[in-house]
Amino acid sequence: MKISVLTIFPEFFESFLKLPVIKRGMDKGVCDIEIVDIKNFAHGSFRHIDDSPFGGGPGMVMRCQPIFDALNSVCIENSHKILLSPKGKTYSQSKAREFALTDHIVLVCGHYEGVDARVEEWMDEQLSIGDYVLTGGEIAAQVVVDSVVRLLQGVLRENSTTEESHENGLLEYPQYTQPREFNGLSVPEVLLSGHKAKIDDWRLTQSLLLTREFRPDMFERYELNKREKKLLEAADNDKKSND
Ligand code: ADE
């Protein structure tokens, strides 16, 4: 797949593109990431990419012409154009999965007080990475690129993304490695037992308990099957008898 990022701060992506997962994706040829400097599309001797808002108000607004020309330089027929903006729909793992199946996504990073509203008309969607305001869309674009590239075939080990938090509607279970005991904290006995079915049950129970505690919104949306109901009931009964 191809990812084009339109930004006024291309230097922001220099070290990002060298991160192992991103670099592996590019080296293996599963993704082609191009960083496009919107400033190169600004005309006139001042090449200004921003201006004051019509109607007055604080701050500056990104002009639409340089963005329009930058978009035209990268877009092909089926390019999926995304504006990163705090006004967008909240980005999610399911969006990442959807983008990982898309041939070309174009990420436009907004700045200043925002972009000229006409830019929104050319977009397929607007996305926000959370309910807070960043100085610009660059960090949000990196979040999208990272979460998509790691899903592409051949970038990570096979199946290593399928049990992660958010993949199946639950948070991931806790993981441990050596040593078995550290600073008075030990690894749960069941994980050392070698008993595959018991380990699977323990992990699923932990996922359910963690999701219920930390993400009640996700837990509410999740439909428990018979096995999960039983495991949760058993964990709740265990807790009651230990209290
Ligand atoms: N630009 C500024 N804030 C943002 C956010 N929360 N998500 C995406 N882009 C942004």
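Since this is a predicted model, take the numbers as computed values, not measurements.

Conventions adopted
Residues numbered from 1 in each chain as written. Predicted model: local features only at pLDDT ≥ 70, side-chain atom pairs only at ≥ 80, totals over all residues. Heavy atoms only, no water. Helix = DSSP H or I, 4+ residues; strand = E, 2+ residues; numbered from the N terminus. Rg over C-alpha atoms; globule rule 2.2 N^0.38 Å. Buried < 20%, exposed > 50% of the residue type's maximum accessible area, 1.4 Å probe, protein only. Contact = heavy atoms within 4.5 Å. Areas by Shrake-Rupley, 256 points an atom, 1.4 Å probe, with all protein chains shown as cover. Lys, Arg positive; Asp, Glu negative; His and termini not counted. Charge placed at Lys NZ, Arg CZ, Asp CG, Glu CD. Core = buried A, V, L, I, M, F, W, Y, C linked by side-chain atoms within 4.5 Å. Domains from an automatic or database assignment. Pairing = 2+ DSSP bridges. Axes fitted to C-alpha atoms, helices over the stretch in contact; angles between N-to-C directions. Salt bridge = Lys/Arg side-chain N within 4 Å of Asp/Glu carboxyl O. Polar contact = N/O pair within 3.5 Å; in protein donor to acceptor, adjacent residues only side chain to side chain.

I'd like a description of the overall build of the protein chain, backed by residues and values.
Secondary structure assignment for the protein chain yields eight helices and nine strands. Here the C-alpha atoms of the protein chain give a radius of gyration of 23 Å, more than 25% beyond the 18 Å that 2.2 N^0.38 yields for 243 residues. Seen through its principal axes, the protein chain has C-alpha atoms that stretch 75 × 40 × 40 Å. Within the protein chain, the proportion of its 243 residues that are buried is 40%. In the protein chain, 75% of the contacts between residues at least 6 apart in sequence involve partners at least 24 apart. Here the protein chain displays about 14,900 Å² of accessible surface, and carbon together with sulfur accounts for 51% of that area. Across the protein chain, the centroid of the 29 positively charged side chains sits 5 Å from that of the 39 negatively charged ones.

Break down the nonpolar core for me, citing the residues and quoting the values.
Formed by 27 residues in total, the largest nonpolar core has its most connected members in Leu 107 and Val 145. Put simply, the parts of the chain that give this core at least two residues each are β1 (2–7), β5 (80–90), α3 (93–100), β6 (104–109) and α5 (138–149). Per-element tally for this core: the top contributor is α5, with six residues. Among all residues touching Leu 107, those that are not within four sequence positions of it are Ile 3, Ser 4, Val 5, Leu 6, Ile 82, Leu 84, Ala 141, Val 144 and Val 145. Residues Leu 6, Ile 8, Ala 70 and Leu 83 belong to the second largest nonpolar core, which totals 18 residues.

Would you mind going over the domain arrangement of the protein chain in detail, with residue names and values included?
Splitting the protein chain by domain gives domain 1 (2–149) and domain 2 (181–242). Measuring from the centre of the C-alpha atoms in domain 1 to the corresponding centre in domain 2 gives 40 Å.

Which residues make up the sheet that holds β6, and what are the values?
The five strands lie next to each other as β2-β1-β6-β5-β7, forming an open sheet whose pairing is parallel. Where the open sheet ends on each side, the last strands, each with one partner, are β2 (32–37) and β7 (125–128). Along the sheet, successive strands turn relative to each other by an average axial angle of 30 degrees, direction set aside. Here β5 pairs with β6 via five bridges, running parallel.

Break down the side chain of Glu 228 for me, citing the residues and quoting the values.
Residue position: Glu 228 is located in helix α8 (residues 226–242). No salt bridge is formed by the buried Glu 228; its nearest oppositely charged neighbour, Arg 227, is found at 6.3 Å. For Glu 228, the side chain forms a polar contact with the side chain of Tyr 222, separated by 2.7 Å. Ignoring any residue separated from it by four or fewer positions in sequence, one finds Glu 228 in contact with Leu 204, Leu 208, Tyr 222 and Glu 223.

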